[in-house]
Protein chains: 2
Amino acid sequence: MSAALNPAERGCGATLQEQAYQSLRTAIMCGRFVPGHALTIRGIAEMLGTSLMPAREALRRLVAERALELLPNRRVSVPKMTPARLEELAAARLALEPLAAVRALPAIDTECLTQLQRIDAEIDAALAAGEVERYLLKNQAFHLTLYRAGHSQVLIPLIESLWLQFGPFMRMMLGRIGASYVLDRHVEALDAITRRDALALRLAIEGDIRDGMGSIGQEELLRLYRAGS
Amino acid sequence: MSAALNPAERGCGATLQEQAYQSLRTAIMCGRFVPGHALTIRGIAEMLGTSLMPAREALRRLVAERALELLPNRRVSVPKMTPARLEELAAARLALEPLAAVRALPAIDTECLTQLQRIDAEIDAALAAGEVERYLLKNQAFHLTLYRAGHSQVLIPLIESLWLQFGPFMRMMLGRIGASYVLDRHVEALDAITRRDALALRLAIEGDIRDGMGSIGQEELLRLYRAGS
DNA sequence: TCCGGCAGATTGTGATCACATTGTCACGAA
DNA sequence: TTCGTGACAATGTGATCACAATCTGCCGGA
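As the structure is a prediction and not an experimental result, all values here were calculated from the model.

The rules behind these values
- Residues numbered from 1 in each chain as written.
- Chains lettered and ligands numbered in written order.
- Predicted model: local features only at pLDDT ≥ 70, side-chain atom pairs only at ≥ 80, totals over all residues.
- Heavy atoms only, no water.
- Helix = DSSP H or I, 4+ residues; strand = E, 2+ residues; numbered from the N terminus.
- Areas by Shrake-Rupley, 256 points an atom, 1.4 Å probe, with all protein chains shown as cover.
- Least-squares fit on C-alpha atoms with pLDDT ≥ 70 in both.
- Contact = heavy atoms within 4.5 Å.
- Pairing = 2+ DSSP bridges.
- Near = heavy atom within 4 Å.
- Polar contact = N/O pair within 3.5 Å; in protein donor to acceptor, adjacent residues only side chain to side chain.
- Buried < 20%, exposed > 50% of the residue type's maximum accessible area, 1.4 Å probe, protein only.
- Arc of directions from axis to C-beta.
- Axes fitted to C-alpha atoms, helices over the stretch in contact; angles between N-to-C directions.
- Parallel < 35°, antiparallel > 145°, perpendicular 65-115°, else oblique.
- Nonpolar A, V, L, I, M, F, W, Y, C, P; charged D, E, K, R; others polar.
- Expected span 1.5 Å × (residues − 1).

(A) Seen up close, the overall build of chain A. Scanning chain A from terminus to terminus reveals 10 helices and three strands. The helix and strand sequence of chain A, counted from the amino end, reads α-β-α-α-β-β-α-α-α-α-α-α-α. Accessible surface, chain A: about 10,200 Å² in total, of which carbon and sulfur atoms supply 53%.

(B) Layout of the relation of the copies chain A and chain B. When chain A is brought onto chain B, the operation consists of a screw motion whose angular component is 180° and whose axial shift is 0.0 Å, with 0.0 Å RMSD remaining. In short, the pair behaves as if placed about a two-fold rotation axis. The share of interface residues of chain A whose copies in chain B are also at the interface is 100%, consistent with both copies meeting through the same surface.

(C) Looking closely at the sheet that holds strand β3 (residues 76–77) of chain A. Residues and elements named next belong to chain A. The strand order β1-β3-β2 describes an open sheet built from three strands, whose pairing is antiparallel. Here the strands that pair on one side only, and so sit at the sheet edges, are β1 (38–39) and β2 (69–70). Bridge analysis of β1 against β3 gives two bridges, and the strand direction is antiparallel. Directly across from L39, in β3, lies its bridge partner V76.

(D) Just the protein's contact with DNA strand C, in detail. The local shell around DNA strand C holds 16 residues, among which L16, Q17, S51 and M53 of chain A together with R42 of chain B are the closest. When the atoms of DNA strand C within 4 Å of the protein are grouped by moiety, sugar and phosphate amount to 66% of the total. Contacts to DNA strand C include I41 of chain B, whose backbone N or O atom sits 3.0 Å from a phosphate oxygen. For DNA strand C, a base nitrogen lies 2.9 Å from a polar atom in the side chain of R42 of chain B. At the level of secondary structure, the elements contributing two or more residues to the surface near DNA strand C comprise α1 (16–29) and α3 (52–64) of chain A together with α2 (41–48) and α3 (52–64) of chain B.

(E) Focus on helix α8 (residues 186–194) of chain A. Residue and element names in this part refer to chain A. Buried residues of α8: H186, A189, L190, A192 and I193, and no others. Projected down its long axis, α8 carries its buried residues within an arc of 160°, all on one side. In this fold, the buried residues of α8 make contact with α5 (110–129), α6 (132–148) and α9 (198–214). Phi turns positive one or two residues past the end of α8, at R196, with a value near 55°.

(F) Geometry of the sheet that holds strand β3 (residues 76–77) of chain B. Residues and elements named next belong to chain B. Ordered by their spatial adjacency, three strands build an open sheet running β1-β3-β2, and the pairing between neighbours is antiparallel. The open sheet has two edge strands, β1 (38–39) and β2 (69–70), and neither has a second partner. As judged from the two bridges shared by β2 and β3, these two strands associate in the antiparallel manner. Of the residues in β3, the one forming a bridge with L70 is V76.

(G) The packing of helix α4 (residues 83–104) of chain B against helix α6 (residues 132–148) of chain B, seen in detail. All names here are of chain B. At a minimum axis separation of 7 Å, α4 and α6 run at an interaxial angle of 55°. As the angle between them shows, α4 and α6 are arranged oblique. Of the residues in α6, those touching α4 at R93, E97, A100, A101 and A104 are H143, L146 and Y147. The class makeup of the residues in the contact of α4 with α6 is five nonpolar, one polar and two charged.

(H) Quick look at α3 of chain A. Residue and element names in this part refer to chain A. Taking 1.5 Å per residue as the helical rise, α3 with its 13 residues ought to reach 18 Å, and the 18 Å between its terminal C-alpha atoms agrees with that figure. Every buried residue of α3 is accounted for by P54, A55, E57, A58, L59, L62, V63 and A64. Downstream of α3 by one or two residues, R66 has phi in the positive range, about 65°.

And the structure:
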């Protein structure tokens, strides 16, 4: 676990607690922490080479954002995924992300669109190369770049919280079903954006979420759940 | 501002930072902090009679939950409401709360229903007595009791974050339009629950949100915005 | 009158330490 | 062997302090 954090991912201009937060956040989003694993303040501090304070603040912030879990023992751990929680996450994503996408649609200019196309190309490249971690980061970048175009101050943080909760599990999922199976719904979204078709964009985002969250059958989900607990 | 916090609202069994968080959270939800007001760590610590640490943790947690705002100066302040943000909050509430209500509907037993009816009676009493703060707390209790019946681990925190963001502004709104104007959509919801009518429940919650968020006309909203800034 | 700059006060950040609670593991009795 | 029980280690919480950045108010010059 000591190699879980890449020092290069730590920012340099912000405070130490911000750097610690970004490091942990990226690690969580990439699924580098196995669900159920306990994270200690001193362990994180040593891992990042800081004192207790930045590690403590970063951990508590991630707990507040529901990326980490605060056990009754006051210890912090990576939450385990349950079938009920996964289903809830899918429902929440379906409620928020198509809404954010449609609201952002009028604000997407050509510059933003080309950026989205570039990210999509990187996604395809990552998939072709089998680079799971890069795929996860770029897939997240695609969605958040799209939603952020609407400059939502409210929806974006909610969606980011959902992705933080779903991130660790997506890595497990991809490892099981294989990254090659992932099909690219993003081209449909890009096509809908160029046509300024709100309904098509909504359907594309919905389809992408359903593909991502529902590609595992219920039986496999239960098996993962039992194996995880 | 020193009388903003009621010591009786501070819990006794939890950690100091948890007590500080609950105190601040209640104060924010009741709108006791005016938007734009700056909150300092030392000020909160002195207000609560603790050292810097619990105040710091509570403030940062509320920032993470979007109840408070972190200015570029690294100072914490109560966010000002803008027309765009209010509209976004309404959209997010409309996306999440009817969903949470419908999902909770099958799990609402008679005990929960009677509790909801009791809370609704308290809401009416608070409205009749003109007790704004009690109305705000009980109105929040009604919604969250309803949603919590579904034992959502994902939707509830998202909705709580939205209420934390909307709370300070609701107090201002009620002060302007007068509490007597508020009409009670909760009876429709209770009726839908007893009939196990999911669609009617969805419509009742949607109506309640629209009444609450839209009762101010756009012109008054703009006036408030300009006055606030 | 107005604007720039300087000194003091205020504030957030980070580090370090003390302490109570909890977890861990070996030892010994049933 | 198995289950308590004790001591030791590990951990979170909270307090206090140092320091750099920021804010505030005053003064002097244009």
